[in-house]
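# Secondary and tertiary structure notes
Read off the chains here:
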Amino acid sequence: MRIHLTSVFVDDQGKALRFYTDVLGFVKKHDVPLGTDRWLTVVSPEDPDGTELLLEPSGHPAVRPYRTALAQDGIPVASFAVDDVRAEFDRLRGLGVRFTQEPLDMGAITTAVLDDTCGNLIQIAHSG
């Protein structure tokens, strides 16, 4: 068994696609119109057949209180692996990304947390 698909709720799928591709560096995998929304996924360019991230519309009434509570408590909704947290932090901050947690060494893992501009906190992490 392996993870095939996971999702993050986003306020605006077009804005999310631009952020996740142009800023974070993912590539679009699927973009299928579904009425006013889309089945819109991105993947790592390093693993185009790997786990897909669905940029899921946040219209369900349960989404707003869920995301608000997580953001208020500083809890990321997802964690993405990077080779070098500090270098990625510098790169992303140079692109205007807002971080809620600067790089933090915690023994065997280093993390940082960013705001994806679409309603979510995302952790970047490297263990090693």
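Residues numbered from 1 in each chain as written. Predicted model: local features only at pLDDT ≥ 70, side-chain atom pairs only at ≥ 80, totals over all residues. Heavy atoms only, no water.

Our focus in this paragraph is the side chain of glutamine 13. By secondary structure assignment, the location of glutamine 13 is in helix α1 (residues 13–23). With a relative accessible area of 9%, glutamine 13 lands in the buried category. From its side chain, glutamine 13 meets the backbone oxygen of arginine 38 in a polar contact 2.8 Å long. At a separation of 2.8 Å, a polar atom in the side chain of glutamine 13 contacts the main-chain carbonyl oxygen of leucine 55. (Helix = DSSP H or I, 4+ residues; strand = E, 2+ residues; numbered from the N terminus. Buried < 20%, exposed > 50% of the residue type's maximum accessible area, 1.4 Å probe, protein only. Polar contact = N/O pair within 3.5 Å; in protein donor to acceptor, adjacent residues only side chain to side chain.)

The next point concerns the sheet that holds strand β6 (residues 99–106). Sheet architecture is open: four strands sit in the order β5-β8-β7-β6, paired in mixed fashion. A single partner strand is all that each edge strand has here, and the edge strands are β5 (78–81) and β6. Between one strand and the next, the sheet's axes are offset by a mean angle of 20°, whatever the strand orientation. Examined bridge by bridge, β5 and strand β8 (residues 121–127) share four bridges and lie parallel to one another. By the bridge assignment, alanine 78 is partnered in β8 with isoleucine 122. Strands in contact with helix α3 (residues 85–94) are β6, β7 (109–115) and β8; relative to β6, the strand with the most contacts, it is inclined by about 165°. (Pairing = 2+ DSSP bridges. Axes fitted to C-alpha atoms, helices over the stretch in contact; angles between N-to-C directions. Contact = heavy atoms within 4.5 Å.)

This part is about a nonpolar patch on the surface. A cluster of nonpolar residues, Leu5, Val32, Leu34 and Trp39, forms a patch on the protein surface that exposes about 320 Å² of accessible area. Note on placement: tryptophan 39 falls in strand β3 (residues 37–43). (Patch = residues over 30% accessible without salt bridge, like charges linked within 9 Å, V, L, I, M, F, W, Y side chains within 5 Å. Areas by Shrake-Rupley, 256 points an atom, 1.4 Å probe, with all protein chains shown as cover. Salt bridge = Lys/Arg side-chain N within 4 Å of Asp/Glu carboxyl O.)

Attention shifts here to the pairing of strand β4 (residues 52–57). Sheet topology note: the strand β1 (residues 5–10)/β4 ladder contains six bridges and is parallel. Residue phenylalanine 9 lies in a different strand from β4, and its bridge partner there is glutamate 56. Bridge count for β3 against β4 is two bridges, and the pairing is antiparallel. Directly across from valine 42, in β4, lies its bridge partner leucine 53.

Moving on to helix α2 (residues 63–72). Three or four residues apart is the spacing at which side chains of an α-helix point the same way, because the helix has 3.6 residues per turn. All of the buried residues along α2 are Val63, Arg67 and Leu70. Down the axis of α2, the sector holding all buried residues measures 65°, keeping them to one side. Turned more than 90 degrees away from the buried face of α2 sit Arg64, Pro65 and Gln72, all of them exposed. Among the structural elements, β1 are those in contact with the buried residues of α2. One or two residues past the end of α2 sits glycine 74, with phi positive at roughly 75°. (Arc of directions from axis to C-beta.)

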